[in-house]
Amino acid sequence: MKDRNPAAASIEKQKAGEAAAGLVKEGMVIGLGTGSTTAYTIAQVGRRVDEGLDILAVVTSYQSEMLAIDAGIPLTSLAEHPTLDIAIDGADQVDADFNVIKGGGAAHTREKVVAKSAKRFVIVADDSKTSDRLDHFVPIEVLPYASNLVIRQMKELGGEPQMRLGVRKDGPVISDNGNFILDVKFGVIKDPAKLSLELSACTGVVEHGIFTNVHDIYIGKKDGSVTITSSI
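Residues numbered from 1 in each chain as written. Predicted model: local features only at pLDDT ≥ 70, side-chain atom pairs only at ≥ 80, totals over all residues. Heavy atoms only, no water.

> What is the right way to look at the sheet that holds strand E11 (residues 210-211) in this model?
Strand pairing in a sheet takes place through backbone hydrogen bonds and is either antiparallel or parallel in direction. Strand order across the open sheet formed by three strands is E4-E5-E11, with antiparallel pairing between neighbours. Each having just a single partner strand, strand E4 (93-94) and E11 make up the two edges of the open sheet. Pairing of strand E5 (residues 100-101) with E11 involves two bridges; the strand directions are antiparallel. Each residue of the ladder has a partner; that of Val100, found in E11, is Phe211. (Pairing = 2+ DSSP bridges. Helix = DSSP H or I, 4+ residues; strand = E, 2+ residues; numbered from the N terminus.)

> Please clarify how the environment of Thr38 should be interpreted in this entry.
Here Thr38 is to be found in helix H2 (residues 36-50). Those residues within four positions of Thr38 in sequence are excluded, and the remaining contacts are Gly33, Ile88, Asp89, Gly90 and Val124. Within the structure, Thr38 has its side chain in polar contact with the backbone nitrogen of Gly90 (distance 3.0 Å). (Contact = heavy atoms within 4.5 Å. Polar contact = N/O pair within 3.5 Å; in protein donor to acceptor, adjacent residues only side chain to side chain.)

> What should I look at first to understand the pairing of strand E9 (residues 180-185) in this one?
Both faces of the sheet carry side chains from a regular strand, because those side chains alternate between them. The element E9 is largely enclosed, with a buried count of five among its six residues. Where strand E7 (residues 138-142) lies against E9, five bridges are found, and the strand directions are antiparallel. By the bridge assignment, Val142 is partnered in E9 with Phe180. (Buried < 20%, exposed > 50% of the residue type's maximum accessible area, 1.4 Å probe, protein only.)

> What exactly am I supposed to notice about the side chain of Lys112 here?
Along the chain, Lys112 falls in helix H4 (residues 108-117). If we skip the residues at most four places from it in the chain, Lys112 touches Glu207, His208, Ile210 and Phe211.

> Just to check I follow, could you spell out the nonpolar core for this structure?
Generally speaking, soluble globular proteins have nonpolar side chains that are buried together. Formed by 22 residues in total, the largest nonpolar core has its most connected members in Ile30, Val45, Ile55 and Ile73. Apart from residues no more than four positions distant in its own chain, Ile73 is found in contact with Leu32, Ile42, Val45, Gly46, Val49, Ile55, Ala57 and Ala68. (Core = buried A, V, L, I, M, F, W, Y, C linked by side-chain atoms within 4.5 Å.)

> Before we go on, may I ask you to explain the sheet that holds strand E8 (residues 160-163) in this structure?
One open sheet accounts for four strands, arranged E8-E9-E7-E10; its pairing is antiparallel. If you trace the sheet from one side to the other, it starts and ends with E8 and strand E10 (205-208), each paired once. Going across the sheet, the axis of each strand differs from the next one's by a mean of 30°, ignoring polarity. The sheet contact formed by E8 and E9 spans four bridges and is antiparallel. Across the sheet, the residue bridging to Pro161 is Val184, located in E9. Contacting E7, E9 and E10, H4 runs over the sheet at an angle of about 65° to E10. Helix H6 (residues 192-200) contacts E7 and E10 of the sheet and is inclined by roughly 160° relative to E10. (Axes fitted to C-alpha atoms, helices over the stretch in contact; angles between N-to-C directions.)

> I keep staring at unusual backbone geometry and nothing clicks. Help me out?
Most peptide bonds adopt trans geometry, and most residues besides glycine take a negative phi value. The phi dihedral of Phe98 falls on the positive side, at around 70°, and the residue is not glycine. Checked against the element boundaries, Phe98 lands in the loop between E4 and E5.

> Looking at this model, I keep getting lost on the environment of Val58. Mind explaining?
Position of Val58 among the secondary structure elements: in strand E2 (residues 56-59). Residue classification places Val58 among the buried residues on the basis of a relative accessible area of 4%. Ignoring any residue separated from it by four or fewer positions in sequence, one finds Val58 in contact with Ile30, Gly31, Leu32, Thr76, Ser77, Leu78, Leu84 and Val114.

> Just to check I follow, could you spell out a nonpolar patch on the surface for this structure?
Together, Leu143, Tyr145 and Val206 make up a nonpolar patch on the protein surface, roughly 370 Å² of accessible area in all. As for its position among the elements, Val206 is in strand E10. The exposure class of Val206 is partly exposed, given its relative accessible area of 33%. (Patch = residues over 30% accessible without salt bridge, like charges linked within 9 Å, V, L, I, M, F, W, Y side chains within 5 Å. Areas by Shrake-Rupley, 256 points an atom, 1.4 Å probe, with all protein chains shown as cover. Salt bridge = Lys/Arg side-chain N within 4 Å of Asp/Glu carboxyl O.)

> When you look at the packing of aromatic side chains in this model, what are you seeing that I'm missing?
Each aromatic ring pair is summarised here by two numbers: the centre-to-centre distance and the angle between the ring planes. Counted by the stated rule, this structure contains one aromatic pair. Note on Phe121 and Phe211: the rings are 5.9 Å apart at their centroids and 35° apart in plane angle, and the pair reads as tilted. Residue Phe121 is found in strand E6 (residues 121-126), and its partner Phe211 is found in strand E11; the two are separated by 90 residues along the sequence. Across the pair, Phe211 and Phe121 agree in class, each one buried. Its end group placed over the ring of Tyr62, Arg110 keeps NZ or CZ at 5.7 Å from the ring centre. In this structure, Lys112 packs its charged tip against the face of Phe211, placed 4.8 Å from the ring centre. (Phe/Tyr/Trp six-rings, centres within 6.5 Å; stacked < 30°, edge-to-face > 60°. Lys NZ or Arg CZ within 6 Å of the ring centre and 35° of its normal.)

Spelled out as structure tokens, the structure:
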């Protein structure tokens, strides 16, 4: 990936995140994802709540929970509202066929639960996250007890697994669910749906970062525009 101007990238993320916030309508129960682009969505939804928008939100991580609380967005749970009107989330990579890899923030398990609970799943990202084919590493949340078994299974599937380690702490990154994260390289993923099923079938895997249920993609461009594509 080419070096990018961080300020320019932030503008792209901001435009995409704020544009998707416009999909939120009065009375909706929404899902809010995790990450730098979704943070702009949360902030924009919060501004609309301040202006009188009446909604409820389910969050996917402690990070998005804190951002939503700071933005003044009323929160609920999937126990109270098992079906969501819309879920908005970011991505690590998006391909031309609406397949997505997520999990750079180690929140993909809850993100997938929320995405699957929503009638409409929307991805927001900057242009650097797009690719014709997925080739980003796939985050895998695993039970600590089964980590060695999962590593072996990843290798059997042709992957190169690496335990994600903490930056300012010793040892593995721990997810919000108390599990380890493996980052697994598979090279170019020719059939994301097939790999998704194979990963889900592995013993000890809690969830993986391949998402194949995206309805809309909002991509922020360098010129400040936002490209919107839909699979429905």
